[in-house]
Amino acid sequence: MNDVLDVAFRLVVVFAVFLVLPLVIGQTEHKVMAHMQGRLGPMYAGGFHGWAQLVADGVKFAQKEDVVPANADRRIFQLAPAVALLPYLLVLVAIPIGPSEGAVGEIVDAGIFFVLAVMGVGVLGSLMAGWASANKFSLLGGLRTAAQLLAYELPMLLAAASVAMAAGTVSLPGIVNAFEWWWLPWQIVGALVFFVAGLAELQRPPFDMPVADSEIIFGAYTEYTGLRFALFLLAEYAGIVVLCGLTTVLFLGGWHGPFGAEGLGWVWTLLKTAVLAFIVIWLRVSYPRLREDQLQKLAWTTLVPLALAQIALTGIVKVVNS
Amino acid sequence: MAPIPGSGLAKGLAVTLRTMTKKSHTAQYPDVQPELPPRTRGVIGLFEENCTVCMLCARECPDWCIYIDSHKETIPAATPGGRERSRNVLDRFAIDFALCMYCGICIEVCPFDALFWSPEFEYAETDIHDLTHERDKLREWMWTVPEPPALDPGAEEPKEIAAARKAAEKVAAAQAAAAAEAAEPAGQAPQATDSTPAAQTDTAVAEQAQREQAQPPQAQRPAEGGTE
């Protein structure tokens, strides 16, 4: 009975985090982006500096009519948002935020495998949406998503493999436990590759070619309205949470910090995640969208070689050290 | 020297970060009123006391958006045996702001300083017909006309002040001459007499200026265009 309660409690907490953190990041994006462009952003919703803007948006989305195009593949079309969103919830379960047993939803032994495999599923949501919409723009968006997934999944996996090699384990808490401060310069290239590839996988600007609104309307999401569209948006922001959390855990030492009391490690994790999320927003504001060929070129001629070099470096240091 | 590869990317990030730390440019308009420059062309106010129904504004208006109705009244002769005078009385003065293109020609041509720019701009209506504003509304807008901005340092003196000063100086000179004539036989020191005319000059100028001020703001209009 106690076990059931424990599991239920953990799931509820993870679910709450899953609902709250993406909204916090979304609101931060509203405000940070506005100020980076010399604007104020939302100021009215909720009274104080528009803190409830995303809540208001959610209410608006919920009120909208849920339209399915006549020629669409109805089932697949309706299922796609869930396929896009749920993997991130599953990944969140496996991300440890503190050193203790209670600071992770569920310890998965093959954590990296689980996390990366499930994150890849999320992109399938966009593919399904693009294919099922019966719209050429959606189809183009879906195909671009597929191309991007193929190109960027590889460097992401290679970079993650480098950390797994360094730590000698594929368990996420195990990796953070093995972390030493000098891993930071050692794995910095891998970290950059992982972060950039993750951004591309989330289709965040400057890698938002699949949704490029000035060319193909909104890519795979063109035909979506109301709650289903909101779920796609939520998936994007949940993806930011997951990517930043994963980068923190794999490359930035998770709950390790230069100072701080025992038991406050989760503050470090959240802090690093927040800084990374800020960088995601910052990149979006600063850079224009990459063209499709530039996107592929960056992945195959820059990120993959860099990731391979990182693995080689990790291997050399590992052999010399032992 | 060739730029370091990637320096452009760093520069881009620096620009956005710097912008974030600066004050944003958003005008929170309905909450905070904008600070408009004094010569803002918001709406045209009518100082109807000055209007003589000469119709110049209506005739010069490129849009024909000014409506003026008037009638003639006869004023009995001021002196017995004199001639009766007639004068125009304004019945209607309306500007159709749906047609007005805010060129300001009416204000330029008004020879009696009856039309003014006001920075007031919140007179949107839901019906286009309601944009024809009648004289009462135009007169109300007169209260929002700001004082003309001060002259530039070193600018030419306003004409009415120059005229007033000339008159005052003439009086002062005459008085000084009279005083000097009166003082010379008495053999008084010239310094003592000097101060009185100077003080008189000051008061004369002040009086003249007050008289001009009594009919604001048209008295100040030439001052605004003093450099023309």
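As annotated in an unreviewed UniProt entry, chain B is NADH-quinone oxidoreductase subunit I from Streptomyces ficellus. According to UniProt, the comment filed for chain B under the heading Subcellular location (unreviewed entry) is "Cell membrane". Recorded in UniProt under Catalytic activity (unreviewed entry), the annotation for chain B is "a quinone + NADH + 5 H(+)(in) = a quinol + NAD(+) + 4 H(+)(out)".

Identification of chain A as NADH-quinone oxidoreductase subunit H from Streptomyces ficellus is taken from an unreviewed UniProt entry. In UniProt, chain A has this text filed under Sequence similarities (unreviewed entry): "Belongs to the complex I subunit 1 family."

Draft legend 1. Expanded view of the overall build of chain B. Tallying secondary structure elements over chain B gives seven helices and five strands in all. The order of helices and strands in chain B, counted from the N terminus, is α-β-α-β-β-α-β-β-α-α-α-α. Looking at the 228 residues of chain B, the share that counts as buried comes to 11%. Taking the contacts inside chain B whose residues are at least 6 apart along the sequence as the reference set, 76% of them involve residues at least 24 apart.

Draft legend 2. Summary view of the UniProt feature "transmembrane region" (unreviewed entry) in chain A. All names here are of chain A. In this numbering, the UniProt entry assigns the feature "transmembrane region" (unreviewed entry) to residues 7–26, 79–98, 110–133, 154–175, 181–200, 229–253, 265–286 and 298–320. With 92% helix and 0% strand, residues 110–133 has end C-alpha atoms that lie 36 Å from one another. Across residues 154–175, helical content stands at 82% and strand content at 0%; the span's end C-alpha atoms are separated by 20 Å.

Draft legend 3. Region of interest: the packing of helix α10 (residues 226–251) of chain A against helix α11 (residues 265–286) of chain A. All names here are of chain A. For the pair α10 and α11, the least separation of the axes is 8 Å and the interaxial angle reads 125°. Relative to α11, the element α10 is oriented oblique. In the crossing of α10 with α11, the sense of the turn from one axis to the other is right-handed. Contact residues: Ile240, Cys244, Gly245, Thr247 and Thr248 in α10; Thr269, Lys272, Thr273, Leu276, Ala277 and Val280 in α11. A per-class count over the contact of α10 with α11 returns five nonpolar, five polar and one charged.

Draft legend 4. Representation of the interface of chain A and chain B. At the junction of the two partners, chain A supplies eleven residues and chain B supplies eight residues. Counting residues per element, the ones that place at least two in the side of chain A that touches chain B are α1 (2–36) and α11 of chain A. Of the residues in the side of chain A that touches chain B, the class split is six nonpolar, four polar and one charged.

Basis of the calculations
Residues numbered from 1 in each chain as written. Chains lettered and ligands numbered in written order. Predicted model: local features only at pLDDT ≥ 70, side-chain atom pairs only at ≥ 80, totals over all residues. UniProt positions renumbered as here; feature names shortened; annotations may be inferred. Helix = DSSP H or I, 4+ residues; strand = E, 2+ residues; numbered from the N terminus. Buried ≥ 20, exposed ≤ 12 C-beta atoms within 10 Å, placed from the backbone. Contact = placed C-beta atoms within 7 Å. Axes fitted to C-alpha atoms, helices over the stretch in contact; angles between N-to-C directions. Parallel < 35°, antiparallel > 145°, perpendicular 65-115°, else oblique. Left-handed = near helix turned anticlockwise from the far one by under 90°. Nonpolar A, V, L, I, M, F, W, Y, C, P; charged D, E, K, R; others polar.

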